[in-house]
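# Structural description and commentary
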Amino acid sequence: MLIKNKKATDPLGSEITPESTFLNRRKFLLGAGIGAASVGLGLAGCDEQEAVAAKGEITGTPLPNVVKSQKYQLMEQPTDFDKVATYNNFYEFGTDKSYPAKLAKDFVTKPWTVEVDGHCAKPGTYGYDDLVSPHQLEERVYRFRCVEAWSMIVPWVGVSLGEMIKKFEPTSNAKYVKFETLHDETRMPGQTMNTVPWPYVEGLRMDEALHPLAFMTVGYYGVELLPQNGAPLRMILPWKYGFKSIKSIVRISFVEKEPVNTWQVVLPNEYGFYANVNPEVDHPRWSQAKERRLGDGVFTRKRPTLMFNGYADEVASLYTGMDLSKFY
Ligand SMILES: Nc1nc2c(c(=O)[nH]1)N[C@H]1C(S)=C(S)[C@@H](COP(=O)(O)O)O[C@H]1N2
Ligand SMILES: [Mo]
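Anyway, here's the lowdown on the structure attached to this text. Values in this document were obtained by computation on a predicted structure and should not be read as measured data. (Residues numbered from 1 in each chain as written. Chains lettered and ligands numbered in written order. Predicted model: local features only at pLDDT ≥ 70, side-chain atom pairs only at ≥ 80, totals over all residues. Heavy atoms only, no water.)

### So, the overall build of the protein
Secondary structure assignment for the protein yields nine helices and 13 strands. Here the protein, with 328 residues, has 55% of them falling under the buried criterion. In the protein, 73% of the contacts between residues at least 6 apart in sequence involve partners at least 24 apart. Per element, the accessible surface of the protein, about 14900 Å² overall, is 54% carbon and sulfur. (Helix = DSSP H or I, 4+ residues; strand = E, 2+ residues; numbered from the N terminus. Buried < 20%, exposed > 50% of the residue type's maximum accessible area, 1.4 Å probe, protein only. Contact = heavy atoms within 4.5 Å. Areas by Shrake-Rupley, 256 points an atom, 1.4 Å probe, with all protein chains shown as cover.)

### What to know about the site of ligand 1
What surrounds ligand 1 is a group of 19 residues, the closest being Tyr 91, Glu 92, Thr 181, Arg 234 and Lys 247. Within the side chain of Glu 92, one N or O atom sits 2.8 Å away from a nitrogen atom of ligand 1. Between Lys 247 and ligand 1, the recorded distance is 2.7 Å, taken from a side-chain N or O atom to an oxygen atom. Protein contacts shield 100% of the accessible area of ligand 1, which totals 530 Å² for the unbound molecule. Structurally, ligand 1 is housed in the largest cavity. Across the shell around ligand 1, the residue classes tally to 10 nonpolar, six polar and three charged. (Near = heavy atom within 4 Å. Polar contact = N/O pair within 3.5 Å; in protein donor to acceptor, adjacent residues only side chain to side chain. 1 Å grid on protein atoms, 1.4 Å probe; cavity = no way out; pocket = protein on both sides within 12 Å on 5 of 7 lines; lining within 4 Å. Sits in = over half its atoms within 2 Å of the grid points. Nonpolar A, V, L, I, M, F, W, Y, C, P; charged D, E, K, R; others polar.)

### Examining the environment of Glu 314
Relative to the assigned elements, Glu 314 resides in helix α9 (residues 312–315). Among the residues examined, Glu 314 registers a relative accessible area of 28% and is labelled partly exposed. In this structure the C-alpha to C-alpha distance between Glu 314 and Trp 239, which are 75 residues apart in sequence, comes to 9.3 Å. Those residues in contact with Glu 314, other than ones at most four positions away along the chain, are Lys 71, Tyr 72, His 211 and Leu 213.

### Considerations on the sheet that holds strand β6 (residues 176–181)
Pairing is mixed in the open sheet, where five strands are placed in the order β3-β2-β11-β6-β7. Since the sheet does not close on itself, it has two edges, and those belong to β3 (124–127) and β7 (201–205), each with one partner. Across the sheet, the mean angle from the axis of one strand to that of its neighbour is 20°, orientation sign disregarded. (Pairing = 2+ DSSP bridges. Axes fitted to C-alpha atoms, helices over the stretch in contact; angles between N-to-C directions.)

### Description of the pattern of salt bridges
Taken as a whole, this structure holds 19 salt bridges when the rule is applied. Residues Glu 139 and Lys 68 are paired through a salt bridge, measuring 3.1 Å at the closest nitrogen-oxygen approach. Linking Glu 139 in strand β4 (residues 137–145) with Lys 68 in strand β1 (residues 66–68), this pair joins segments that are 71 residues apart in sequence. Taking relative accessible area as the criterion, Lys 68 reaches 31% and is therefore assigned partly exposed. In this structure, Glu 163 and Lys 166 form a salt bridge, with 3.3 Å as the shortest nitrogen-oxygen distance. Remark: Lys 166 and Glu 163 occur in helix α6 (residues 161–166); sequence separation between them is three residues, near one turn of the helix. Salt bridges sharing common partners tie together Glu 76, Arg 143, Arg 145, Glu 291, Arg 293, Asp 296 and Arg 303. (Salt bridge = Lys/Arg side-chain N within 4 Å of Asp/Glu carboxyl O.)

### A few points about the nonpolar core
By size, the foremost hydrophobic cluster in this structure holds 85 residues, and its most contacted members are Trp 156, Phe 168, Tyr 220, Trp 239, Ile 252 and Phe 254. Here this core gets seven residues from one element, more than from any other, and that element is strand β5 (residues 150–160). (Core = buried A, V, L, I, M, F, W, Y, C linked by side-chain atoms within 4.5 Å.)

### A short note on the pairing of β6
With five of six residues buried, β6 is to be regarded as a mostly interior element. As defined by bridge partners, β6 adjoins strand β11 (residues 249–255) across six bridges and the pair is classed as antiparallel. In the strand pairing of β11, Tyr 176 is matched with Val 255.

### Overview of unusual backbone geometry
At the junction of Lys 110 and Pro 111, the peptide bond is cis and its omega measures out at 0° in the coordinates. Note on placement: Pro 111 falls in the loop between α4 (99–103) and β2 (113–118). The linkage connecting Ala 231 with the following residue, Pro 232, adopts the cis geometry, with an omega of 0°. Inspection of the secondary structure puts Pro 232 in the loop between β9 (223–224) and β10 (234–236). With a phi close to 75°, Ala 149 is a non-glycine residue in the positive phi region. Of note, Ala 149 is situated in the loop between β4 and β5. Here Ser 248, not a glycine, exhibits a phi torsion of approximately 45°, which is positive. Tracing the backbone shows Ser 248 in the loop between β10 and β11.

This is the structure:
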């Protein structure tokens, strides 16, 4: 997100690749076809060493018993792990994209509990294991698009959000779900600053939250999420701009009224409730027609942004009859 006085972070600057590396990588991409997403898996038909180099070193705690989704795969090579883990938006750890990787390094995510409240039959305090263990962990490769016009391809590991929240038995008064990030200045140093109101809040309409694409993630690239990417529980809503994908969740509330999310409070003319990726509706300060993929070399052209980030077939029906330039 861009707010006043922010030190300019140039996505190009951090991504300049020496041309030789760039050309090698290009060769690799052409040769590899669909890449295997998991750690430890060799890529069929290509040099394994080269594959590891191209993906960046993956650090973290391996997640056992992950099943690859049959349905949610992409014909694109995942973004290098080191790009995904070092170029972050997580204002709880500062506004610069390089800060979260440094300042969240020692953020402790075990134990972790989530308060569940509001219109549901099973409110209470749930431990991480209560929430995650009953489910089969799944790996899904999703396209992800930040409102700031950069994007990435990530093999996320998690559980269906709908499956998780059904267990709380929301009642018919639960029209929306609201999520909150941890608020603790002693653990999240960015919260000592008045950048955005704390805690960070996001919301979904109930049918959006129950949509099969909505994913509650605990990991990526075969390992547990690193803190900078939102450990231990982080939403991924691939058809929406990145700011909807709230990190380090500690509260889930079933509510009747549309929640006001953090970016709506900060800049109401620029950010709405829906935040569906839409190349035809510009942000008031920039076009949303194109995007730059993290890790693309400086010579690579920007890519066209896709309606609903490429997931229109699956989600467009959620918004039938709505004026998408009004409900942005
Ligand atoms: N709690 C919280 N969640 C957040 C943010 C944040 O600042 N705080 N930033 C959002 C934005 S704008 C984006 S683009 C993504 C970035 O996720 P990444 O760092 O894993 O790429 O996280 C989203 N979730
Ligand atoms: Mo974002």
